[in-house]
Amino acid sequence: MSKKRKHPRWLRARRKKSTGPSQQQRVPRALSPDLSDRAGVLDDTALNNVERLKFTYAMWVQSHPVGGKQMRRLENALKAGRLAILPKGDVEHWGMEEYLWHGMPGHRWDPIEAFLAARGQGFSEAGQQQFRRWREMKIGFYEIGRIGRTAEMWAWDHLNQTRRGHSFQAVSCGMGGVNFLRKYVGQLMLTYVSPWQPDQNIYCTCGYGALVEKDDLKGRELLLGLSRPDILVEPLKFGFGPGQRPTHQLREAWKRRDWPGWLKERLDFPFRALVTIPTTETLHPVQITSILKMTADESRRKGVYFNMAEKLDVFEIVGGSNITAADITSSNFLPLLEYQAYREWAGPPPEAPKSGPTLVRSP
C-alpha cells in the first residue's frame, strides 16, 4: 500500500489559512543587498549597526565553501528528523539561523570564528568578544514591550503563562531594527536572543522569528527544540513526510504490532501535547494522563485513544493520530510520531467512532 505523505492534520489546517508573510507574521531576516559590505576588514564601528553586521556575516557564511555546505547539510538534516512534521520552508529558515549562531552539531568548523579570522582583524579584542556574544543566542518566547530606540522585552514562560525574570532592552538584526515590532506590543515573539552589552542590560535579537498571541502559540513551541539541535538532526527510523515511505519490513511489523501496549511501554505520563479540535480546526495544548485499555485487535479496528486531564470543548478522549508531544526533544515524541506514520500509511481505523478518529465526544 502506498499513499502520499501528508503533514499532521493541525499543520495542514494552519497551512491552508496562511497565505503569506503577513498572516504568518514573520520577522524579516535579511537586509537589502546594497547594505552589505561584502569585502574588506570590519572594525568596532560595525558593532553599532547589527542589521548590517548580521547581513554581512550571513552572506559571508553562505558563500563560504565550508559554511554554505554545512548550512545546507544542517537544513537537510533538520528536515529529515523530528522537524519533518513542519513545512520545509519553515525548517530551512530556522536551520539557517541555528547554523549562524551555533554551527553544525559535531562539526569542528565554527562559522563565528571563521568569520572573525577572515573579516574581523580590525576588531579590538573587546569587539571580537562582543561579536562572539552571538554564539550565546538562545531560542525562546519573548514578550514585546515599549518600543523606542530599543525594544523592551521579557523572557516568557509559555507553560505557566508568565514573564520570567526582569525586562531587558533589545536591538534587532532585522530589517528596520525594532521599528517593525511597534504594532505587536503585548504579543510574543519566538526568536533567538543573546547578550550584546549585558552591563547595560542590552540584548540582541537575531532578526528572524514568529509572532504569536500569548493564548495561541500555533504549535510554535515545537521549535523550542532547536535548543537541542543534536537531537533534531537524528534521522527518523521510519518513513514520514512528503516523498517518504516506510520499508516493507517496517510495514509488516506495524501490522502485527500491539499498538496500545507498545505505546504504553514507551510513553511517560502525564505529558503536554498538542491536539486539534475538529469543530474549529484550532490547535490546543492539553495534558495527556493515560492510554485507554484495549486489545491489539481492537486498536487496529477502532484506533488508539488517550485520556485528557480536562475536557476539550465537548471532547474527553483523543485519538493517537491527533497527538503531538509538545516537547519535540522528549522521549514521548517519536513513538507518537511513528503511530501517526502508521496511520498515514494504513488509513483511518475502519470502526472509528462516528464523531471522528481524532477526538471522541463525552456522553
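All residue numbers refer to position in the chain's written sequence, counted from 1. For a predicted model such as this one, the threshold for reporting local features is a pLDDT of at least 70, and the threshold for listing and counting side-chain atom pairs is 80 or more; totals across whole chains, interfaces and linings nevertheless cover every residue. Derived side-chain values reflect all non-hydrogen atoms in the structure, with water molecules and hydrogen atoms excluded from consideration.

A. Highlighting the overall build of the protein. Helices and strands together make up the secondary structure of the protein, namely 12 helices and 12 strands. When checking whether two residues touch, look at their non-hydrogen atoms; a contact exists if any pair is within 4.5 Å. For the protein, restricting intrachain contacts to residue pairs at least 6 apart in sequence, the fraction spanning at least 24 positions comes to 70%. A total accessible area of about 17,000 Å² is found for the protein, and carbon and sulfur atoms account for 49% of it. A run of H or I in DSSP becomes a helix once it reaches four residues, and a run of E becomes a strand once it reaches two; helices and strands are each numbered from the N terminus. Each accessible area value is a Shrake-Rupley result obtained with a 1.4 Å probe; residue values ignore everything except the protein chains displayed when judging cover.

B. Region of interest: the side chain of K54. Inspection of the secondary structure puts K54 in helix α3 (residues 50-63). A polar atom in the side chain of K54 sits 2.7 Å from the backbone oxygen of C206. Within 3.5 Å is the distance limit for a polar contact, defined as a pair of N or O atoms, with the added protein rule that one can donate a hydrogen and the other accept it, and that residues adjacent in sequence qualify only through two side-chain atoms.

C. Examining the pairing of strand β4 (residues 162-172) more closely. Only when DSSP finds a minimum of two bridges between them are two strands counted as paired. Bridging between strand β3 (residues 151-157) and β4 involves 6 bridges; their strand directions are antiparallel. By the bridge assignment for β4, M153 is matched with F168. Between β3 and β4, which pair antiparallel one after the other, the connecting turn spans 4 residues, and Q161 there sits at a positive phi close to 55 degrees. The pairing of β4 with strand β6 (residues 202-212) spans 4 bridges and is classified as parallel. If you follow S172 over to β6, its bridge partner there is T205.

D. Molecular detail of the packing of helix α4 (residues 65-80) against helix α5 (residues 88-102). Note on definitions: angles span 0 to 180 degrees between N-to-C directions of axes, and those axes are lines fitted to C-alpha atoms, for helices only across the stretch in contact. Contact geometry for α4 and α5: axes closest at 9 Å, N-to-C directions at 135 degrees. Comparing their axes, α5 and α4 come out oblique. Note that α4 runs across α5; the crossing there is right-handed. Contacts from V66, G67, Q70, M71, L74, E75, L78 and K79 of α4 reach α5 at K88, V91, E92, G95, M96, E98, Y99 and L100. Tallied by class, the residues present in the contact of α4 with α5 amount to 8 nonpolar, 3 polar and 5 charged. Each angle receives one of four descriptions, namely roughly parallel if under 35 degrees, roughly antiparallel if over 145, roughly perpendicular if within 65 to 115, and oblique otherwise. Rotating anticlockwise by less than a right angle from the far helix to the near helix defines a left-handed crossing, while the corresponding clockwise rotation defines a right-handed one. The nonpolar class holds Ala, Val, Leu, Ile, Met, Phe, Trp, Tyr, Cys and Pro. Asp, Glu, Lys and Arg form the charged class, and all remaining residues, Gly among them, are polar.

E. Molecular detail of the nonpolar core. Grouped together as the largest cluster of nonpolar side chains are 89 residues, with contacts concentrated most on W134 and F306. Broken down by element, the residue count for this core peaks at 7 residues, all from helix α12 (residues 333-346). Joining through side-chain atoms within 4.5 Å is the link that ties buried Ala, Val, Leu, Ile, Met, Phe, Trp, Tyr and Cys residues into a set, and such a set is a nonpolar core. We call a residue buried when its accessible area falls under 20% of the maximum for its residue type, exposed when it is over 50%, and partly exposed in between, using a 1.4 Å probe and counting protein chains only.

F. Layout of the confidence of the model for the protein. What pLDDT expresses is the predictor's confidence in each residue, scored from 0 to 100. Mean pLDDT over the protein: 87, with 86% of residues reaching 70 or higher. This stretch, residues 1-7, has a pLDDT under 50; its non-local contacts, to residues over four places away or in other chains, come to 31 contacts. In the predicted structure, residues 12-38 sits below a pLDDT of 50 and forms 64 contacts with residues beyond four places in sequence or in another chain.

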